[in-house]
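Residue-level structure breakdown
Spelled out from the first residue to the last, the chains are:
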Amino acid sequence: MEKIIIGKDGDVILRELMDADLEKLAIYANNEKVSINLRDGFPKPYTIENAKSFKKMIDSQTPKTFFAIEYQNDYVGNISLSPGTDVYRKSAEIGYFIGEPFWNKGIATKAVNLISEWGFNQLDIVRIYTGVFEYNQASQRVLEKCGFVKEAVFKKSICKDNKIFDEIRFAKIKE
Ligand SMILES: CC(C)(COP(=O)(O)OP(=O)(O)OC[C@H]1O[C@@H](n2cnc3c(N)ncnc32)[C@H](O)[C@@H]1OP(=O)(O)O)[C@@H](O)C(=O)NCCC(=O)NCCS
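These notes cover the structure that comes with them. (Residues numbered from 1 in each chain as written. Predicted model: local features only at pLDDT ≥ 70, side-chain atom pairs only at ≥ 80, totals over all residues. Heavy atoms only, no water.)

1. Quick notes on the overall build of the protein chain
- The secondary structure content of the protein chain amounts to five helices and eight strands.
- Listing each helix as α and each strand as β along the protein chain from the N terminus yields β-β-α-α-α-β-β-β-α-β-α-β-β.
- Rg of the C-alpha trace for the protein chain: 16 Å, near the compact-globule value of 16 Å for 175 residues, within the 12% margin.
- Counting only C-alpha atoms, the protein chain reaches 45 × 40 × 35 Å along its principal axes.
- If you take every contact in the protein chain between residues at least 6 apart in sequence, the share linking residues at least 24 apart comes to 60%.
- Taken as a whole, the protein chain presents about 9,900 Å² of accessible surface, with 51% of it coming from carbon and sulfur.
- Side-chain charges in the protein chain split into 26 positive and 25 negative, and the spacing between the mean points of these groups amounts to 3 Å. (Helix = DSSP H or I, 4+ residues; strand = E, 2+ residues; numbered from the N terminus. Rg over C-alpha atoms; globule rule 2.2 N^0.38 Å. Contact = heavy atoms within 4.5 Å. Areas by Shrake-Rupley, 256 points an atom, 1.4 Å probe, with all protein chains shown as cover. Lys, Arg positive; Asp, Glu negative; His and termini not counted. Charge placed at Lys NZ, Arg CZ, Asp CG, Glu CD.)

What follows is the structure, given as structure tokens:
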């Protein structure tokens, strides 16, 4: 079956998640250094069953807004845009993770740029935003590199592993 590709920048491709990715997804997602930066809804431990249910959930989505990140023809992570509802319906929250073996190769930067361009063109949105935990310097750097603006610090809004942290809010507006 032909893979649906939504963006490509050199050796980084955003495409639909395939069954063949799920084993790697479960390995890369089952990592404390990944989960510590995400909401507690992200399964921990992350099993192959979690990966299968995740794919089932995203396969039932319309429109599809969760994608796999491919680097040099290998699955390396996920990225998504979650559109809001009600008065927030013209905004979407961006989320992403890259498997640790592939960090610091510029992959997230390319992926965030690609999905932002796709989102502003294909979804009826004018704003893409996210909240980053204060200790996640790498993600803050990625967003800055992609032209996201630091809009606010939500003081002590995060409770992760029973410790309290600030959340840094970033957003990019459609030009
Ligand atoms: C955040 C994450 C997506 C970054 O992916 P990546 O592919 O390594 O990102 P890139 O290589 O495009 O860019 C990383 C940047 O952060 C910088 N960086 C990495 N670790 C850093 C640290 N501890 N302190 C400061 N900067 C750091 C890198 O130097 C690079 O910046 P540069 O290009 O100016 O040198 C990845 O680390 C990850 O998946 N983390 C766990 C999940 C997560 O945090 N998701 C986002 C939640 S908001």
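Now, onward.
2. Digging into the site of the ligand
- Residues in close proximity to the ligand total 21 residues, the closest being Asn104, Thr109, Asn136, Arg141 and Lys145.
- At a separation of 2.8 Å, an oxygen atom of the ligand approaches a polar backbone atom of Ile98.
- Between the ligand and Thr109 there is a distance of 2.5 Å, counted from an oxygen atom to a side-chain nitrogen or oxygen.
- In isolation the ligand exposes 970 Å². Once the protein is present, 74% of that is buried.
- Secondary structure elements with two or more residues in the shell around the ligand: strand E5 (91-98), helix H4 (107-122) and helix H5 (137-145).
- Its residues placed into classes, the shell around the ligand shows eleven nonpolar, seven polar and three charged. (Near = heavy atom within 4 Å. Polar contact = N/O pair within 3.5 Å; in protein donor to acceptor, adjacent residues only side chain to side chain. Nonpolar A, V, L, I, M, F, W, Y, C, P; charged D, E, K, R; others polar.)

3. Section: the nonpolar core
- Judged by nonpolar contacts, the single largest core of 49 residues is most densely connected at Leu25, Ile69, Ile79, Ile94 and Ile115.
- Ranked by residues supplied to this core, first place goes to H4 with eight residues.
- Filtering out sequence-adjacent residues up to four positions away, Leu25 remains in contact with Leu17, Tyr46, Ala51, Phe54, Tyr75, Asn78 and Phe97. (Core = buried A, V, L, I, M, F, W, Y, C linked by side-chain atoms within 4.5 Å. Buried < 20%, exposed > 50% of the residue type's maximum accessible area, 1.4 Å probe, protein only.)

4. Looking at unusual backbone geometry
- Between Lys44 and Pro45 the backbone carries a cis peptide bond, its omega angle lying at 0 degrees.
- Along the chain, the position of Pro45 falls in the loop between helix H2 (32-35) and helix H3 (48-59).
- With an omega of -10 degrees, the peptide bond running from Thr62 to Pro63 counts as cis.
- Looking at the element boundaries, Pro63 is found in the loop between H3 and strand E3 (66-71).

5. Considering the pairing of strand E8 (residues 163-173)
- With seven bridges joining them, strand E6 (residues 127-133) and E8 adopt antiparallel strand pairing. Pairing of Phe133 across the sheet is with Glu167, part of E8.
- Sheet topology note: the strand E7 (residues 149-160)/E8 ladder contains eight bridges and is antiparallel. Directly across from Lys160, in E8, lies its bridge partner Lys163. (Pairing = 2+ DSSP bridges.)

6. Things to note about the packing of aromatic side chains
- Summed over all chains, the structure comprises nine aromatic pairs.
- Between the aromatic rings of Phe54 and Phe66, the centroid separation amounts to 5.6 Å while the plane-to-plane angle is 75 degrees, which identifies the pairing as edge-to-face. Of the two residues, Phe54 is situated in helix H3 and Phe66 in strand E3; the sequence distance between them amounts to twelve residues. Note on accessibility: Phe54 and Phe66 belong to one class, buried.
- Between Phe67 and Trp118, the aromatic rings sit 5.1 Å apart at their centres with planes inclined by 80 degrees, giving edge-to-face as the arrangement. Pair noted here: Phe67 is in strand E3 and Trp118 is in helix H4, with a separation of 51 residues, a long-range link.
- The buried category is assigned to Phe67, whose relative accessible area is 6%.
- A residue is classified by how much of its surface remains accessible, and Trp118, at 14% relative accessible area, is buried.
- What links up through ring pairs into an aromatic cluster is the set Tyr28, Tyr71, Tyr75 and Phe102. (Phe/Tyr/Trp six-rings, centres within 6.5 Å; stacked < 30°, edge-to-face > 60°.)

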